[in-house]
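Chain and residue survey
Here is what each chain is made of, one letter per residue.
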Amino acid sequence: MEKSKQRIYLILIFATFLDILLLFYVALRPVSSTFRNTVFAFDIILCAVLWIEFIYSYLKSDDKKQYLIENSLSILGMLPINFVFLRALRLVKLIQLIKLFVLARDSEKTISDFLKHTYLDKIILVAIIFTFILTISIRIADPSILDIHTALWYVIVSITSTGYGDVVPSTLSGRIVGMIAMIGGILVFASFTAVISSLYISKINKDNQDDVNQKIENLTSEIERLNEKIDELKKE
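For the structure given in this document, a descriptive report is provided here. Model, not experiment: these values are computed from the prediction.

Structural notes on the overall build of the chain
A tally of helices and strands in the chain yields 10 helices and zero strands. Seen in sequence order, the chain has helices and strands lined up from the N terminus as α-α-α-α-α-α-α-α-α-α. The 236 residues of the chain split such that 30% are buried. Pairs at least 24 residues apart make up 61% of the contacts formed inside the chain by residues separated by at least 6 positions. By element, 67% of the accessible surface of the chain is carried by carbon and sulfur atoms, the whole surface being about 15,400 Å².

Right, dumping it as structure tokens:
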């Protein structure tokens, strides 16, 4: 049963990741109407499958109210609506599927401890909301940015500090939004770096602790053996 759940979640992870890539490709690049309609059809089918998985997990949950609260953003991310923010929230659903896949392999305590110490899901959620707010802000603040797709492109380029220079704000307020995007991007990527570093450090500490524990066990066994030998000598 666990193996079947792992396979299902792995397929959903791959399909959701592919769907996100296709949706953003269609949003940012000129494509034929046939390809666009195919992507939208795939998106609708995937959303239907995700809703089936969501309802199944909801019915199996012990605290249904808490389950709805914890997955409220995932619900928005499963809506097949042509809106940039809702499509970006599909990333939240992707993270949730990855968590479920890990849960199917490891104990719940393992994944809960991991999230408690790294806050990875919260960091990704903050990054998505931050990107959405800046996209709307730059679109409103700068008249030279004519559509939401261009605004999203500018924000992503600014957050990642790529700096292509193909989109440049023409107003002071637009440049301020750009500076906020750059500074915020540094903080977000620094947080990701901290998460990765903490994983490596935790792994090293665990290996060192296991090595120390093994040495202590060996010394304890040796001491017990020596005590037994001493007792034997005393009896003689």
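Still more ground to cover, so stick around.
A word on the side chain of S57
Following the sequence through the fold, S57 ends up in helix α2 (residues 33-60). Judged by its relative accessible area of 12%, S57 is buried. Dropping the residues within four chain positions of it, S57 is found in contact with Y9 and Y67.

Re α2
Given a rise of 1.5 Å per residue, 28 residues ought to cover 40 Å, and the 41 Å separating the end C-alpha atoms of α2 matches this to within 8%. Within α2, the full set of buried residues consists of V39, D43, L46, C47, L50, E53, F54 and S57.

What about helix α9 (residues 148-159)?
For α9, which comprises 12 residues, the first-to-last C-alpha distance of 16 Å matches the rise-based estimate of 16 Å (1.5 Å per residue) to within 8%. Within the span of α9, buried status applies to A151, L152, Y154, V155, V157, S158 and I159. Taken from the residues just after α9, S161 is the one with a positive phi, measuring 60°.

The rules we used
- Residues numbered from 1 in each chain as written.
- Predicted model: local features only at pLDDT ≥ 70, side-chain atom pairs only at ≥ 80, totals over all residues.
- Heavy atoms only, no water.
- Helix = DSSP H or I, 4+ residues; strand = E, 2+ residues; numbered from the N terminus.
- Buried < 20%, exposed > 50% of the residue type's maximum accessible area, 1.4 Å probe, protein only.
- Contact = heavy atoms within 4.5 Å.
- Areas by Shrake-Rupley, 256 points an atom, 1.4 Å probe, with all protein chains shown as cover.
- Expected span 1.5 Å × (residues − 1).

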